[in-house]
Amino acid sequence: MKWYQKEIRLPAVKRGFHLITDLVESQLPELEDIKMGLAHVFIKHTSASLTINEDADPTVRQDFESHFNKMVPENAPYYKHTLEGSDDMPAHLKAAILGSSVTVPITNGKFNMGTWQGIYLCEHRDHASKRWLVVTLQGN
Amino acid sequence: MKWYQKEIRLPAVKRGFHLITDLVESQLPELEDIKMGLAHVFIKHTSASLTINEDADPTVRQDFESHFNKMVPENAPYYKHTLEGSDDMPAHLKAAILGSSVTVPITNGKFNMGTWQGIYLCEHRDHASKRWLVVTLQGN
Amino acid sequence: MKWYQKEIRLPAVKRGFHLITDLVESQLPELEDIKMGLAHVFIKHTSASLTINEDADPTVRQDFESHFNKMVPENAPYYKHTLEGSDDMPAHLKAAILGSSVTVPITNGKFNMGTWQGIYLCEHRDHASKRWLVVTLQGN
């Protein structure tokens, strides 16, 4: 039984949905030691989130941004938490809807995802700084 | 410490929300070996998803389909990813909102869920083929 | 390798979003035994859910309640599952959108979350009773 845990600093990105599969894997040489296990990727923030979706066509990620802006609008009349900017409260809501972590199976030293799956960093703030992940790998 | 991992092929189903608890459990005789642990169920696709919800009344699952179609409509004017059909981009969005995996506690050889909880396969495409799961069991 | 699993009874709360980080941690003295690991917190219900978000300003949690009531309304004309009250079907939908579990990294005997992150109990029913969690800790 093996356990590895490390914090990974992501570069600051603009608001939107960004593929980070390769970046994350490149920081995890320990993956190769695991034949069968799980990878837990956690983001330590409340206005950015993680999800898994289509990694081939960039317009999918653009449509994610458009749809989430419609489904969770800025300046809704019922928002009370408005002091940190019009993008702040929607960011918290989007982060909760998408989630703060993804768990991916590991098989033979690699993430065992589908052909079209990739990990998205979902940046919901207009002017975000770098984001921290905690990645925990476990397995045999 | 025990680890089991297997890929399970689900039958093709029509668009909507479908209970798969019994089908998944029937493929996992290894569950009986685990007194205390976790089951991670992952779907290897970006237009279908997994969630846990009410397993008794079929109208709940019908209302899930109705509500998700309203909350994530087809043919939204802002969609750019439209070449794969009007059901495709909503399918990606619904999959991200619901999630690509569920993790369930294992206690005394069984899924330890609430009385009314079941695992849903959420099929978001009109003409989907069979779907693959990766199930990872771990525990003592 | 250590495993701990226990069921925790949460007090009945009113409909809305409630911070439970301290309450959960206070029930888990076993956390101190784990240098590196994961905590899985699962709710055994289909009309309440768990998420992780901002733990400082109470208006954030009020805005969560307002926004989810807008995004998943009561008495939608397409609901068929209406016999258990107008708050019931929205509760199931909100629970699926937010999710039935959160997984948090453990580092040096503590939850390794961001400065502003806390665990929310999301109570979606008007007159809910006490809720059960299953918490599973694992690590070295």
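My aim in this report is to walk through the structure given alongside it, one point at a time. (Residues numbered from 1 in each chain as written. Chains lettered and ligands numbered in written order. Predicted model: local features only at pLDDT ≥ 70, side-chain atom pairs only at ≥ 80, totals over all residues. Heavy atoms only, no water.)

### Brief notes about the sheet that holds strand β7 (residues 117–123) of chain B
Residue and element names in this part refer to chain B.
Moving on, step 1. Spatially, three strands are ordered β2-β7-β4 in an open sheet, and the strand pairing comes out antiparallel. Looking along the sheet, the strands with just one partner apiece sit at the ends: β2 (16–19) and β4 (48–54). Each strand of the sheet is rotated relative to its neighbour by a mean of 35°, with strand direction disregarded.
Moving on, step 2. Pairing analysis gives seven bridges linking β4 to β7, with the strands arranged antiparallel. When the sheet's bridge partners are listed, asparagine 53 is paired in β7 with glycine 118.
Moving on, step 3. Contacting β2, β4 and β7, helix α2 (residues 58–71) runs over the sheet at an angle of about 150° to β2. (Pairing = 2+ DSSP bridges. Helix = DSSP H or I, 4+ residues; strand = E, 2+ residues; numbered from the N terminus. Axes fitted to C-alpha atoms, helices over the stretch in contact; angles between N-to-C directions. Contact = heavy atoms within 4.5 Å.)

### Some remarks on the interface of chain A and chain B
Moving on, step 1. In this complex, chain A contributes 34 residues to the contact, which on the side of chain B involves 29 residues.
Moving on, step 2. Of the roughly 2600 Å² buried at the junction of chain A and chain B (both faces included), carbon and sulfur atoms supply 62%.
Moving on, step 3. For chain A, the biggest contributors to the area lost against chain B are Met36(A), Asp63(A) and His67(A); these three give 22% of the whole.
Moving on, step 4. Here chain A is connected to chain B by zero salt bridges.
Moving on, step 5. If you look at where chain A meets chain B, you find 14 residue pairs in polar contact (both at pLDDT 80 or more).
Moving on, step 6. Elements represented by at least two residues in the side of chain A that touches chain B include exactly β3 (36–43), β4 (48–54), α2 (58–71), α3 (88–98), β5 (101–107) and β8 (131–139) of chain A.
Moving on, step 7. No other element matches the ten residues that α2(A) contributes to the side of chain A that touches chain B.
Moving on, step 8. Its residues assigned to classes, the side of chain A that touches chain B comprises 15 nonpolar, 15 polar and four charged. (Buried area = accessible area lost by both parts, 1.4 Å probe. Salt bridge = Lys/Arg side-chain N within 4 Å of Asp/Glu carboxyl O. Polar contact = N/O pair within 3.5 Å; in protein donor to acceptor, adjacent residues only side chain to side chain. Nonpolar A, V, L, I, M, F, W, Y, C, P; charged D, E, K, R; others polar.)

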